[in-house]
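Here is how the chains run, residue by residue.
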Amino acid sequence: MPPLQGRRLNGRQKAAALLIALGTELSSEVMKHLKDPDIDRVTVEIFSMERIAHEVRFDVLGEAIELAQAQGYISSGGVEYAREVLSQALGPQRAKEIVDRLSSGWRSDPFDFVRMADPVQLVGFIQDERPQTIALVLSHLHPSLAASIVARLDKDLQAEVALRIATMERTTPEAIEQVEQTLKKRLSSVLSQDYSSVGGVEFLVKILTQVNRSTEKTIMQSLEETDPALAEEVRKQMFVFEDIIKLDDRSIQRVLREVDTKDMALALRGASAEVKQKVFKNMSTRAAQMLREDMDVGGPVRLRTVEDAQQRIVSVIRRLDDAEEIVIARSGSEDEIVA
């Protein structure tokens, strides 16, 4: 078979020729980063290339170097910077060919780099920006991430940013890129670091739910003295409404005598079937029927209304637990129940 000649190779053939030119050691490292279908395709091409002309090897290596350099220029300084540098090195026409080829697959979504930043840290960087700038950034993020950021802004700024988002019109690519570059520079110190989430309220709650009652009381009393707001946040997360299923029947019956029936009717509307069954089985047939009827009347209600009712019941449960009138199962021998 005569050697392959010239620049008549298609994309797969160029890839195969490049791997052959790189040698087995480098090629094996490259192959590790390819998807299985791509490995299959390029392997077939390699099998069919018994001989490759020296000029072909030179061409594919040169083209790979050009593309790698251009990609580096684009990543570090943007498309126009890459075009200018390549024009000086290779001429305007060749520079245009390379940049156009890369730009079609290179451009990521605007502000894509923001997704790597922690929302709390991000707020610290953008909250002093103009509302219009903040709105522009948030409009290019996933709604859940944007919502997390908005929730952490000052109240007055929240309203202004929301208004700007709602009334935002088309923005030029140049304006978007300018804001992107400015924000990227400000965030560079954060994005270059690898943060690990450790500790926090959620982790403390997990600890407190696994210690005995005495240890929990000691920690919570200390927290209430040093940081009442934090203590309240921890207390809210320690027992949620769905945890009612963890209570024994006698404790549930005690709770039912204490809570407002209207609150229970509201709370159960947002509860699982397991929770409802647990509550109904600890009521008389007539009381359970009346509670079901209360749940069915009144039409749709806001989720916040249901959650507020659930929280009031949780507060009752916590109060009864503090008074040791009910039992919330915990780890630790002192909480074991004996006959």
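Details of the structure are given in the entry above.
Described in the following lines is the structure provided in the data block.

The rules behind the values
Residue numbers here run from 1 along each chain, matching the order of that chain's written sequence. Given that the model is predicted, a residue must reach a pLDDT of at least 70 before its local features are reported, and side-chain atom pairs must reach 80 or more before they are shown or counted; all residues, however, enter totals for whole chains, interfaces and linings. With hydrogens and water set aside, each side-chain value is computed from the structure's full complement of heavy atoms. Salt bridges are counted wherever a side-chain nitrogen of Lys or Arg sits within 4 Å of a carboxyl oxygen of Asp or Glu. Strands here mean DSSP runs of E at least two residues long; helices mean DSSP runs of H or I at least four residues long; both are numbered from the N terminus. Burial here depends on accessible area, computed with a 1.4 Å probe over protein chains only, as a share of the maximum for the residue type. Under 20% is buried, over 50% is exposed, and the range in between is partly exposed. Only Phe, Tyr and Trp rings take part, Trp by its six-membered ring, and two of them pair if their centres are within 6.5 Å. Stacked means planes under 30 degrees apart, edge-to-face means over 60, and tilted covers everything else. Charge over a ring is defined by NZ of Lys or CZ of Arg lying within 6 Å of the ring centre and within 35 degrees of the ring normal. Throughout this description, the term nonpolar core refers to a set of buried Ala, Val, Leu, Ile, Met, Phe, Trp, Tyr and Cys residues connected via side-chain atoms within 4.5 Å. In what follows, residue pairs with any heavy atoms lying within 4.5 Å of each other are defined as contacts. By the criterion applied in these results, polar contacts are pairs of N or O atoms within 3.5 Å in which, for protein atoms, one can donate a hydrogen and the other can accept it, and in which residues neighboring in sequence qualify only through two side-chain atoms.

## Considering the pattern of salt bridges
Then, number 1: Here the structure, examined in full by the defined rule, presents nine salt bridges.
Then, number 2: A salt bridge links glutamate 258 to arginine 254; the nearest nitrogen and oxygen atoms lie 3.0 Å apart. You can see glutamate 258 and its partner arginine 254 sitting in helix 15 (residues 249-258), four residues apart, about one turn around the helix.
Then, number 3: Given the relative accessible area of 33%, glutamate 258 is considered partly exposed.

## Some words on the packing of aromatic side chains
Then, number 1: Per the counting criterion, the structure on display carries zero aromatic pairs.
Then, number 2: One cation-aromatic arrangement involves arginine 292 over phenylalanine 280; the distance from NZ or CZ to the ring centre is 4.0 Å.

## As for the nonpolar core
Then, number 1: Counting 26 residues, the largest nonpolar core has Phe241, Val255, Met264, Leu268, Leu291, Ile313 and Ile317 as its most contacted members.
Then, number 2: When contributions to this core are tallied by element, the ones reaching two or more residues are helix 15, helix 16 (261-268), helix 17 (273-280), helix 18 (285-296) and helix 19 (303-322).
Then, number 3: Per element, the largest residue contribution to this core is six residues, and it comes from helix 19.
Then, number 4: When sequence neighbours within four positions are dropped, the list of residues in contact with leucine 268 reads Phe241, Val275, Lys276, Val279, Phe280, Leu291 and Met295.
Then, number 5: Membership of the second largest hydrophobic core comes to 19 residues, among which are Leu136, Ala146, Leu157 and Val179.

## Here we look at the side chain of serine 251
Then, number 1: Checked against the element boundaries, serine 251 lands in helix 15.
Then, number 2: At 2.8 Å, the side chain of serine 251 and the side chain of aspartate 248 are in polar contact.
Then, number 3: Non-local contacts of serine 251, meaning those with residues more than four positions away in its chain, are made with Ile326 and Val327.

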